[in-house]
Amino acid sequence: MTFIAKPKVSHPSLPRNALGFTRRDYEGALSTLCAGCGHDSITAAIVEACWGLSLEPQNLVKLSGIGCSSKTTAYFVSGGHGFNSVHGRMPSIATGANAANRRLSYIGVSGDGDTLSIGLGQFCHAIRRNLDMLYLIENNGVYGLTKGQFSASADIGTRAKKGDTNLQPPIDPVLLALDLGATFVARGFSGDKRQLVPLIEAGLRHRGFALIDVLSPCVTFNDHEGSTKSYAYTREHHERTVLADFVPREREITVEYEPGEAREVALHDGSRIVLRKLETDYDPTDRAAAAAKVQQRMSEGEHLTGLIYLDARGERPEFHQVSATPAEPLNSLPYEVLSPGSRGLAKILERYR
Amino acid sequence: MNNRVNDFTIKIATVNGTGTASANTLLMKSIFRSGVPVMGKNFFPSNIQGLPTWYEIRVSRDGHVARSGKVDIMVALNPETYARDVKELASGGYLLYDSTWPRPALLSRPDITVLGVPLAQMCNEHFNGVRTRILMKNICYAGVLAALLSLDLELIRGLLGETYAKKPQLVESNMKAIQLGYDYARQHFSCPLPLSVEPMDRTAGHIMIDGNTAAALGCVFAGATVAAWYPITPSTSLMDAFKGFCERLRVDLETGVKRFAFIQAEDELAAIGMVLGASWNGARSFTATSGPGISLMNEFLGLAYYAEVPAVVFDIQRVGPSTGMPTRTQQGDLMACAYASHGDTRHVCLYPANPQECFYMARDAFDLAERLQTPVLVLSDLDIGMNDWMCPDLKWDDAYRPDRGKVLGLEQILEIDRFQRYVDKDGDGIPYRTFPGVHPKAAYFTRGSGHTQFGTYTEDSADYQVVLDRLLRKWQTIKQRVPRPVVDGAGSEIGIVSLGSSDSAIREALAVLRGRGVAVDYLRVRAFPFGEEVERFLGAHRLLFVVEQNRDAQLRSLLTLETAVEKAKLRSLLHYSGLPVSSRFIVEGVLAEIEPSAEHPKDIARA
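### Some thoughts on the sheet that holds strand β20 (residues 543–548) of chain B
Residues and elements named next belong to chain B.
Step number 1: Read from one edge to the other, the open sheet built from 5 strands follows the order β16-β18-β17-β20-β21, with strand pairing classed as mixed. This sheet does not close on itself; its edge strands, each paired only once, are β16 (486–488) and β21 (570–574). Across this sheet, the average inter-strand angle for adjacent strands is 20 degrees, counted without regard to direction.
Step number 2: Of the strand pairs in this sheet, strand β17 (residues 494–499) and β20 are connected by 4 bridges, and their pairing is parallel. By the bridge assignment for β20, Val497 is matched with Val546.

### Some thoughts on the domain arrangement of chain B
All names here are of chain B.
Step number 1: Domain boundaries assigned for chain B yield domain 1 (7–188), domain 2 (209–392), domain 3 (411–466) and domain 4 (486–605).
Step number 2: When each unit is reduced to the centre of its C-alpha atoms, the spacing between domain 1 and domain 4 is 35 Å.
Step number 3: Contacts between domain 1 and domain 4 engage 8 residues on the former and 9 residues on the latter.

### Overview of the packing of helix α3 (residues 119–126) of chain B against helix α4 (residues 130–149) of chain B
All names here are of chain B.
Step number 1: In contact at an axis separation of 9 Å, α3 and α4 are set at 125 degrees when each is read in the N-to-C sense. Taken together, the axes of α3 and α4 are oblique relative to one another. Relative to α4, the crossing made by α3 is right-handed. In this structure, α3 contributes Leu119, Ala120, Met122, Cys123 and Asn124 to the contact, and α4 contributes Arg133, Met136, Lys137, Cys140 and Tyr141.
Step number 2: Residues that form the contact of α3 with α4 fall into these classes: 7 nonpolar, 1 polar and 2 charged.

### Some remarks on the environment of Cys140 of chain B
Residues and elements named next belong to chain B.
Step number 1: Position of Cys140 among the secondary structure elements: in helix α4.
Step number 2: Taking the C-alpha atoms as reference, Cys140 lies 12 Å from Leu26; in sequence the two are 114 residues apart.
Step number 3: If we skip the residues at most four places from it in the chain, Cys140 touches Leu119, Met122, Cys123, Ala177, Ile178, Leu180 and Gly181.

### Description of helix α6 (residues 168–188) of chain B
All names here are of chain B.
Step number 1: Over its 21 residues, α6 runs 31 Å from end to end, which matches the ideal 30 Å to within 8%, given 1.5 Å per residue.
Step number 2: Those residues of α6 that sit buried are Asn174, Ala177, Ile178, Leu180, Gly181, Tyr182 and Ala185.
Step number 3: Looking at the buried side of α6, the elements it contacts are β6 (113–117), α3, α4 and α5 (153–163).

### Things to note about the environment of Ala23 of chain B
All names here are of chain B.
Step number 1: Secondary-structure assignment places Ala23 in helix α1 (residues 20–33).
Step number 2: You can call Ala23 buried: it has 28 C-beta atoms within 10 Å.
Step number 3: Counting along the chain gives 299 residues from Ala23 to Ser322, while the straight-line C-alpha distance between them is 33 Å.
Step number 4: For Ala23, the residues in contact, after removing those within four places along its chain, are Asn138, Ile139, Tyr141 and Ala142.

### Let's talk about the sheet that holds strand β19 (residues 527–528) of chain B
Step number 1: If you walk across this open sheet you meet the 7 strands as β9-β8-β10-β11-β13-β12-β19 (chain B), and the pairing is mixed. Looking at the sheet topology across the chains shown, the edges are occupied by β9 (261–264) and β19 of chain B.

Rules used throughout
Residues numbered from 1 in each chain as written. Chains lettered and ligands numbered in written order. Predicted model: local features only at pLDDT ≥ 70, side-chain atom pairs only at ≥ 80, totals over all residues. Pairing = 2+ DSSP bridges. Helix = DSSP H or I, 4+ residues; strand = E, 2+ residues; numbered from the N terminus. Axes fitted to C-alpha atoms, helices over the stretch in contact; angles between N-to-C directions. Domains from an automatic or database assignment. Contact = placed C-beta atoms within 7 Å. Parallel < 35°, antiparallel > 145°, perpendicular 65-115°, else oblique. Left-handed = near helix turned anticlockwise from the far one by under 90°. Nonpolar A, V, L, I, M, F, W, Y, C, P; charged D, E, K, R; others polar. Expected span 1.5 Å × (residues − 1). Buried ≥ 20, exposed ≤ 12 C-beta atoms within 10 Å, placed from the backbone.

The structure is reproduced here in structure tokens:
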């Protein structure tokens, strides 16, 4: 635990984004996680993505539950409101907050315990509603704050630091999200920032529920031999399938792609995602094929990473479209359009005589 | 016999799912339209079809809306409950039954008048189809009662016309069944009975409405835009009503755009989470639930208390513990709501006594939640929520604007150096808040973990206590801001203390007791925490009857925990059968304590 305040000084030569902000302007409080924690790399990737998108800091709403991962919302974008809720219930806070103001960007940071055990129900229903948010799981297969119990994402046969072997099959959030109809499903690795940053950028701009399951080794409780979520194992077995290059609407595509290698997908705000397939037979817009591929690689002990599925045609409406709410946020509708007034009341009462 | 015109109770015993609800409403409304005060209470099973159900209509020229505790006319149409229904009828009363089938001779009583009508036989002769015959049999008795009570048939036809405005053919078939019953009664019995309905003018300026509908209307008028809930009896109709009002009043006819979000959550844990998320983000948001839902919401209520997030929760109480009896009424969640969640938490509770208070308290709940930055629980119950009550017309002041409390807008944010979320700037314990999306300077971190007055994480004892002690100062402020109690009478050394739906029975009991020369004062608490007036009333009386509808004397517990009252002064009158308390129960309980006699043995009062 640290109580050291983070100095707010930045070097004048740091690059600035369209709003004139440097990366430092997207940072938060000093992390209190263990040195080398994968989560801190993810925090850095979020900072990078928000800076890259030139996001107004106050327009980012940061939500989390309980656990090591959920602490991290305090460590980035201190100019955005944060809500550290109760264990496993972040999706409901996100749902209400999003219902109240659809204009802001919502990022939820959760862990494998927070999402796949205590919060499994709320996670599923947020996907089902296609809530417009980026939901990031910092997945390390272990409960850190309570010192090393297996989580629901631990693989069968994986060994705990104290020697126990996990005998229960894992719940895979990617497969689950695909099954529940998520419109953006990705997996990353905290050790691969180059892959992760564009995924976060695209996820923030995606309209609807975007899931990124990030393998994020726990250096203290799950980084030993015999663990399938250690740095060494993940480096060895994380297999990139589709690289997603995120291109904001303000920017031109400057990279040259080989014919047939790249496919461009436009997002609702005019941004684009350029999908670069590393395997020619993989189609990230085919939900069933994506699920089959993930399952196949899982059975071989491999972690498929990259943008695994995208509802490229925007077929599923998001929560507000389904609810037919106005473009203006509900929290700023003038009272006059909400209340029928005394004359309206008199008319209503006629039905009760 | 006393004059029993416009002063009697009818009880109708049927089977649920057979269309009797419309006949009962029709009868009640026709009495109401005759200008005679009336109340209707539905005692129904937690079931879709086939179980016993009762409907009680009390006609009271004096305007009493509680249960009287006795039945003058029993319409016994359910063979399964026939024996107990006959037993419940008061001496001198009238028993109406379906004489199509023989009546067990064993169940006769010499002190009542039996009126047999071949309802099934008549309907079988005049209608086709099994379902139609059953439905018509159950409207036919309304015709019999119309003749017996001297109700105006044209008025009944008018009501049917309103009910079936879109299906006029149903008006004729229903009217035919009513006429069959009406004519049979006129031919075979001496109509009207001594207890009948004579038109009055005591219902003008009144409506018949249930508390859930009134509360939903209050939410609409308070400007609530986000409603999240999980279905649970008996709260569901509140959400249905809110949705219904919004579909009529808040949908843009051209674009179909809805100026509200209505979210059916996956459970109550999520429902309250959504309410907190929306309220935190600046929308007026609420949920409605019942006991089991309150149990599930505990964790989030604790967070809302500590992180100071407004929220409005309607608890339409039903019988506990556990699943209990979902379609019966109780005031059993008083403690669970007042102290919901672990750690040092206390919550603002409002206790409406009738539908009109549900309407006004719904509005007040939103203002209080935002002013005080804390959850406000409105504790209604099944009796108020699901029964039709006669209420004075609801009024609305067009000058009303939602009070968002201490919220800093952009201009104020630009003027300050640094935003400090939990600092007590005004000395009332209530800090300032900001909404997301306004300005980076106003951003703060909301958390249920230990925090300093600046909103940052802490495990430092002193910093933690600064916030906790300030919350206690806020609690003192809250005491002065919540609705004041209602006091009736002064100067007696005996008082009754109660809350919520027990009110109507108590007010009738007071009239009876005072009529007998027993002076009793009455305090109805309308909110928790209790303020000074409650303290004063408790101090000023030698003997206090605490009337409530639960087994464990929860209101008495709250009074002893939160005020200086001496425990020895308090006598509990506890009614927890699941049916609404009657005035008779209270009268007998009070008399047993102060004038013990063979008629009112003392131990009843201590039940």
